[in-house]
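Commentary on secondary and tertiary structure
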Amino acid sequence: MDTDKTAATSQVKSAARVLDVLDDIAAHGPGTQLQLATRLGIPKSSLHALLRTMCARGWLDTDQTGSVYRLGVHTLTVSSAYIDGDPVLSRASAVMDEIAAATEETVHLGRLEGAEVIYTAKRESKHPLRMYSAVGRRLPAYSTALGRAMLAEMPEDVREPLVPHQIKAITTQTTTDRDALLAIIEKAAQVGYAEESEESCLGVRCFGVALPFSRRSVDALSVAVPISRLKHGREDFIIETLLSVKARLSAMRDNSLVR
């Protein structure tokens, strides 16, 4: 038996399991050892030592009973280091402040990962607005203005595989007809911005534009507004503000942060 090869395979498998545990708790919340073993398909005997090691290193923590595992403080340290070191987040910060000041509405920065949008930064509205947009959360790209704006910048043959054939409704207003959704994204490609109305959060309308910070459009900005406040030309003003920012950044020679 090739012991070196076996050891290498074991190390990779262990690393994968550590990442699976972190991803699972981030997506589904805290869980007991049995719940995690069931959700991940990992034997309890193997998971026990893994969870103890992750707790000892600060990646996981437990409740007062020691039986429920949740993300530990070290995940926050790593997340903060990512935010501090990401060039797009640094570059977009002033732009988000500008748009938030001009519109007085909630501004989001999002990144495309596969077929999902991850919210990477947020500026709160001066008005109360509750929506599923905490930093680090994920939503399907097809249901958000952020995601549609980025998909619209892609060639059709790249864009279409990222729109599933079976579309899950996020709200009762989500467009679930694939052909209709592709037409909406194509329209966004033509006008330069994307929009959605109550498709990811009831009562809220969003407008988004892709950012020209890389060869592929994988970052975007959006403004989220309660429909009740879209009066007296507010919609046109928000769209014009986003398009103006996008045009200004596109015209800048040093705007590219190639990834």
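Here is a short report on the structure shown in this document. (Residues numbered from 1 in each chain as written. Predicted model: local features only at pLDDT ≥ 70, side-chain atom pairs only at ≥ 80, totals over all residues. Heavy atoms only, no water.)

**What to know about the sheet that holds strand 2 (residues 60–62)**
Hydrogen bonding along the main chain pairs the strands of a sheet, whether they run parallel or antiparallel. On the basis of which strands lie adjacent, the open sheet formed by 3 strands has the order 1-3-2 and antiparallel pairing. Of all the strands in the sheet, just strand 1 (31–32) and strand 2 have a single pairing partner and so form its edges. Bridge count between strand 1 and strand 3 (residues 68–71): 2 bridges; the pairing is antiparallel. Looking at strand 3, one finds that Thr32 is bridged to Val68. The sheet contacts of helix 3 (residues 44–56) involve strand 2 and strand 3, and relative to strand 2 the element is tilted by about 100°. (Pairing = 2+ DSSP bridges. Helix = DSSP H or I, 4+ residues; strand = E, 2+ residues; numbered from the N terminus. Contact = heavy atoms within 4.5 Å. Axes fitted to C-alpha atoms, helices over the stretch in contact; angles between N-to-C directions.)

**With respect to the sheet that holds strand 4 (residues 106–113)**
Here 6 strands make up an open sheet; going across it, the order is 6-5-4-9-8-7 and the pairing antiparallel. Of all strands in the sheet, those with a lone pairing partner are strand 6 (138–140) and strand 7 (194–197), marking the two edges. Neighbour-to-neighbour, the strand axes of this sheet turn through a mean angle of 30°, independent of strand direction. Bridge count for strand 8 (residues 204–210) against strand 9 (residues 219–226) is 7 bridges, and the pairing is antiparallel. Following the sheet pairing, Ala210 is matched in strand 9 by Ala220. The sheet contacts of helix 9 (residues 234–251) involve strand 7, strand 8 and strand 9, and relative to strand 8 the element is tilted by about 20°.

**A few points about the pairing of strand 5 (residues 116–123)**
Examined bridge by bridge, strand 4 and strand 5 share 7 bridges and lie antiparallel to one another. Bridged to Glu113 within strand 5 is Glu116. Once strand 4 ends, the chain turns through 2 residues before running back antiparallel as strand 5, passing Gly114 with a positive phi of about 65°.

**A few points about helix 3**
The end-to-end C-alpha distance of helix 3, which contains 13 residues, comes to 18 Å, matching closely the 18 Å that a straight helix rising 1.5 Å per residue would cover. Within the sequence span of helix 3, burial applies to Leu47, Leu50, Leu51 and Met54. An end-on view of helix 3 places all buried positions within 100° of arc, on one side of the element. Away from its buried face by more than 90 degrees, helix 3 exposes Ser45, Arg52 and Ala56. Of the residues flanking the end of helix 3, it is Gly58, one or two places downstream, whose phi is positive at about 85°. (Expected span 1.5 Å × (residues − 1). Buried < 20%, exposed > 50% of the residue type's maximum accessible area, 1.4 Å probe, protein only. Arc of directions from axis to C-beta.)

**What to know about the side chain of Arg205**
Inspection of the secondary structure puts Arg205 in strand 8. Of the polar contacts made by the side chain of Arg205, one reaches the side chain of Glu195; its length is 2.2 Å. When residues no more than four places from it in sequence are discounted, the contact partners of Arg205 are Glu195, Glu196, Ser197, Val223, Ala224, Val225, Ile227, Leu230 and Glu235. (Polar contact = N/O pair within 3.5 Å; in protein donor to acceptor, adjacent residues only side chain to side chain.)

**Observations concerning the packing of helix 6 (residues 145–152) against helix 8 (residues 178–191)**
At a minimum axis separation of 8 Å, helix 6 and helix 8 run at an interaxial angle of 70°. Taken as axis vectors, helix 6 and helix 8 run roughly perpendicular relative to one another. For the pair helix 6 and helix 8, contact is made by Arg148, Leu151 and Ala152 and by Leu181, Ile184, Ile185, Ala188 and Ala189, respectively. The residue makeup of the contact of helix 6 with helix 8, split by class, is 7 nonpolar, no polar and 1 charged. (Parallel < 35°, antiparallel > 145°, perpendicular 65-115°, else oblique. Nonpolar A, V, L, I, M, F, W, Y, C, P; charged D, E, K, R; others polar.)

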